[in-house]
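Chains, contacts and geometry: an overview
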Amino acid sequence: MTAARVLLCAAVLVVVAGYATLAARWTSAESDWYRSLPRPRWQPPDPVFGVVWPLNFGALAVVGLAVALECPPPDGLRWLVLFTASVALALGWAHAFYRRHDLGRAAVLLGGATVLTWALVPYAGWLTIATSLAVGYWRLADQGAATAS
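Residues numbered from 1 in each chain as written. Predicted model: local features only at pLDDT ≥ 70, side-chain atom pairs only at ≥ 80, totals over all residues. Heavy atoms only, no water.

Below, the discussion takes up the overall build of the protein. Counting secondary structure elements, the protein contains six helices and zero strands. Relative to its length of 149 residues, the protein is extended, with a C-alpha radius of gyration of 20 Å against a globular reference of 15 Å. With the C-alpha coordinates aligned to their principal axes, the bounding extent of the protein is approximately 70 × 35 × 20 Å. Counting every position in the protein, which comprises 149 residues, the buried fraction comes to 23%. At a minimum sequence separation of 6, the contacts of the protein that also span at least 24 residues come to 76%. Counting only carbon and sulfur atoms, one obtains 71% of the accessible surface of the protein, whose full area is about 9800 Å². A gap of 6 Å separates the mean positions of the 10 positive and 7 negative side-chain charges of the protein. (Helix = DSSP H or I, 4+ residues; strand = E, 2+ residues; numbered from the N terminus. Rg over C-alpha atoms; globule rule 2.2 N^0.38 Å. Buried < 20%, exposed > 50% of the residue type's maximum accessible area, 1.4 Å probe, protein only. Contact = heavy atoms within 4.5 Å. Areas by Shrake-Rupley, 256 points an atom, 1.4 Å probe, with all protein chains shown as cover. Lys, Arg positive; Asp, Glu negative; His and termini not counted. Charge placed at Lys NZ, Arg CZ, Asp CG, Glu CD.)

Mapped onto the secondary structure, Leu-65 falls in helix α3 (residues 46-70). Sequence separation between Leu-65 and Pro-38 is 27 residues, and the spatial gap between their C-alpha atoms is 39 Å. Ignoring sequence-local partners within four residues, the contact set of Leu-65 consists of Cys-9, Val-12 and Leu-13.

Okay, a nonpolar patch on the surface next. On the surface, a cluster of nonpolar side chains totalling about 500 Å² of accessible area is made up of Val-48, Phe-49, Val-51, Val-52, Trp-53 and Leu-55. Of note, Leu-55 is situated in helix α3. On the basis of relative accessibility, which here comes to 58%, the residue Leu-55 falls in the exposed class. (Patch = residues over 30% accessible without salt bridge, like charges linked within 9 Å, V, L, I, M, F, W, Y side chains within 5 Å. Salt bridge = Lys/Arg side-chain N within 4 Å of Asp/Glu carboxyl O.)

Moving on, we come to the packing of helix α1 (residues 3-26) against helix α4 (residues 73-99). Packed helices, taken two at a time, are described by the angle their axes make and the gap between the axes. Where α1 meets α4, the closest approach of the two axes is 10 Å, and the angle between their N-to-C directions is 5 degrees. Our classification of the angle between α1 and α4 gives roughly parallel. A class-by-class count of the residues in the contact of α1 with α4 yields 20 nonpolar, three polar and three charged. (Axes fitted to C-alpha atoms, helices over the stretch in contact; angles between N-to-C directions. Parallel < 35°, antiparallel > 145°, perpendicular 65-115°, else oblique. Nonpolar A, V, L, I, M, F, W, Y, C, P; charged D, E, K, R; others polar.)

The next thing to look at is the side chain of Arg-5. With respect to the helices and strands, the residue Arg-5 is situated in helix α1. Of the side chains with opposite charge, Glu-70 lies nearest to the buried Arg-5, which makes no salt bridge, at 6.7 Å. Not counting residues within four places of it along the chain, the set of residues in contact with Arg-5 comprises Ala-68, Leu-69, Glu-70, Cys-71, Pro-72 and Pro-73.

A few words now on the confidence of the model for the protein. When pLDDT is averaged along the protein, the result is 91; 100% of the residues meet or exceed 70. The spread of mean pLDDT over the elements of the protein runs between helix α6 (residues 121-148), the lowest at 85, and α1, the highest at 95. (pLDDT = per-residue confidence, 0-100.)

Tracing the backbone through its elements, the reader meets Ser-86 in helix α4. Ser-86 sits in the buried class, given a relative accessible area of 9%. Sequence-distant contacts of Ser-86, defined by excluding residues within four places in its chain, comprise Ala-113, Leu-116 and Thr-117.

For the coordinates displayed, the defined rule picks out three salt bridges. Across the pair Asp-75 and Arg-78 runs a salt bridge, and its minimum N-O distance is 2.4 Å. One end of the pair, Asp-75, and the other, Arg-78, are both in helix α4, three residues apart, so they sit about a helical turn from each other. What makes Asp-75 partly exposed here is its relative accessible area of 35%. A cluster of three or more residues bridged by salt bridges with shared partners is formed by Glu-30, Arg-35 and Asp-46.

What follows is the structure, given as C-alpha cells:
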C-alpha cells in the first residue's frame, strides 16, 4: 500500500472519529430544551437514534476506507475534501441545533451537508459498476482456469 493511501485511510478515520466524538459531545436528547420542542409527526422514537448513529459512523468508516484503498490518490483526496466538508456541515448542525438552539441555521447547515453527500452519489454508482466488473473478471478468470485444467 502506498504512503498516499495510508495517509488517506488515516485521514478518513480521523474525520469519522472526530465526527462521532463531537456529535456525541454536542447532542443531547435528554436536555430540557430539546424535550420542550414540538416534534414533527414523522420523527422516529428516540431509541432509533441510539441505534442508527453508531451504525452510520461505522458505515462512514467502512466506505471511507474502501474509497481510500480503491480510488487513485488525486480522486481520493477530492472525495476526502467533499466528505470532510459534509461532516463539518453536519457538525455545524449539531452545534447550532443543540448548543446554540438556532434552528434555522441548523437546518441550513444540515441542508448543505445533504447536498454535499448527494454530490458523492455518482462516485458510489461508479464503484458499484467497477465492483461488478471486478467480480465479472474474477469469475471469468476462474472459469477459464477451470476449463484449462
